[in-house]
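# Geometric and topological summary
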Amino acid sequence: MGIFDFFSGPMTQEKFSQIVLSELRKIDPASQYVYNADRFQIARPDDGFINLGNIFQEYCRAEKNERDAVLRRFLRKSISTKSYELPAEFDDIHPDLLPGIRSRFYLESVLLQAKVRGNDALEVPQQVIGEHLALSLVYDLPSAMRTISQTDLDAWQVSFYEAVEAARHNLEQMGEVAFATLDDCVYASATGDNYDASRLVMLDLIRRFKVNGDYVAMVPNRDTLVVTGSEDEHGLGIMAKIAEDSHEKPRPISTVALRLEGDEWQPWLPPHSSPSFAKLHELRLRTVGAEYNDQKELLDEVHAATKAGLYVAQFNAMQNKASGQVSSYSVWSEGLDILLPQTDSIFFFRPRGAKEGDIVAGGSWEHVQQIVGNLMEPTGTYPERYLVRDFPSDYQLEAIGKQIEP
């Protein structure tokens, strides 16, 4: 490929990676950076890595005359934290400590990627929120965010709980918080300071909003927090649309809806009869499905290196032709040790020869667990997978039946 061919035509991940590497050599010529095409990330010399997904989106959306500046700002932030020395005393960092909310799988993926590389991952304490999100601590630098590790907390001799309380207090003191009110029933953040999603933990703020029913919220990206009421169908529709659009923007987090129960956020879906059920369920599947399939890729690499002999099952989706509703399913195959994702339905596959076989049963996750739950061992991962080594007996397969057809 010639130089003119390379820089003409649509931007691809391969082209972008070469642009990034060229810019890194200018900014940090003394270090070596290596591109991983499978992960779409660049390995840093300190065993860290630079994910390119978000900045690739920002770069492509930016005006052509602004792209170089967008990329340089991002890269300078990325490498400025790799050797940044934190203050030795907690009192010195206390005022600049803030809570950061991310997808829970973000930190889980960091651990798996470290295993793939054969390295020990940095332990980052986190507080799980609504099952699918996690709150961690960041040092808010002028040009970047530096994640706080357990090693940092140990050096300061403070607990994660103490540090989180300090970070929440700092978030509450950050000045005016902007929210737009849509149709008097939906409240969408508009502060744009990189901490809008983090304000999910500011329950006093959330409770100021007037909603119909319980508080329901979504954080589709770092700069978007949307709140409405569980009994407000119009508001739920608006929230779903905002979440769907915002999740396509840089710094995506999650499209799982959460409901406030007491002082805790929990995953939530409206009743099946609700007009908003299908869309909110589909949005949940988008986030969970992407996490499961990213997890599968990483686990496959880990197992290949360790020769674990486990098959990591795919998270699949299908659409009902009559209703248009999307649901998820996984396949439990006879003769394999499988790590099974939690899906709406499970199909049971019995092979015939090398390439053929039959679906011999199928049912909802809840129905299957009632009959063969003793064969499904949770592994404690996120997203959760269940280890299955034995195939159900013919009697159990008959009890499961074919409630659901593939």
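Preceding this paragraph is the structure being described.
Now for a quick tour of the structure. Worth saying up front: this structure is predicted, and the values here are computed from it rather than measured. (Residues numbered from 1 in each chain as written. Predicted model: local features only at pLDDT ≥ 70, side-chain atom pairs only at ≥ 80, totals over all residues. Heavy atoms only, no water.)

Relative orientation of the contacting elements helix 6 (residues 104-117) and helix 11 (residues 277-306) amounts to 15°, with a least axis distance of 9 Å. Considering the angle they form, helix 6 stands roughly parallel to helix 11. The element helix 6 and its partner helix 11 pack so that their crossing is left-handed. Two secondary-structure elements touch here, helix 6 through F105, S109, L112, Q113, K115 and V116 and helix 11 through E291, D294, Q295, L298, L299, E301 and V302. Looking at the contact of helix 6 with helix 11 residue by residue, the classes come out as six nonpolar, three polar and four charged. (Axes fitted to C-alpha atoms, helices over the stretch in contact; angles between N-to-C directions. Helix = DSSP H or I, 4+ residues; strand = E, 2+ residues; numbered from the N terminus. Parallel < 35°, antiparallel > 145°, perpendicular 65-115°, else oblique. Left-handed = near helix turned anticlockwise from the far one by under 90°. Contact = heavy atoms within 4.5 Å. Nonpolar A, V, L, I, M, F, W, Y, C, P; charged D, E, K, R; others polar.)

The next point concerns the sheet that holds strand 18 (residues 345-352). One open sheet accounts for four strands, arranged 15-16-18-19; its pairing is mixed. Two strands close off the open sheet at either side, each with one partner strand: strand 15 (316-319) and strand 19 (356-364). Each strand axis lies, on average, 35° off the axis of its neighbour in the sheet, ignoring direction. Judged from the four bridges that link them, strand 15 and strand 16 (residues 326-333) form a sheet pairing that is antiparallel. By the bridge assignment, M318 is partnered in strand 16 with S327. Lying on the sheet, helix 12 (residues 365-372) is in contact with strand 16, strand 18 and strand 19; it crosses strand 19 at an angle near 100°. (Pairing = 2+ DSSP bridges.)

Our next topic: the pairing of strand 6 (residues 133-140). Here strand 6 lies mainly inside the structure; seven of its eight residues are buried. Of the strand pairs in this sheet, strand 5 (residues 127-129) and strand 6 are connected by three bridges, and their pairing is antiparallel. Pairing of Q127 across the sheet is with L135, part of strand 6. Counting the residues in the hairpin turn of strand 5 and strand 6 gives three residues, including G130, whose phi is positive at 60°. Where strand 6 and strand 7 (residues 145-147) come together, three bridges link them in antiparallel fashion. Of the residues in strand 7, the one forming a bridge with D140 is M145. (Buried < 20%, exposed > 50% of the residue type's maximum accessible area, 1.4 Å probe, protein only.)

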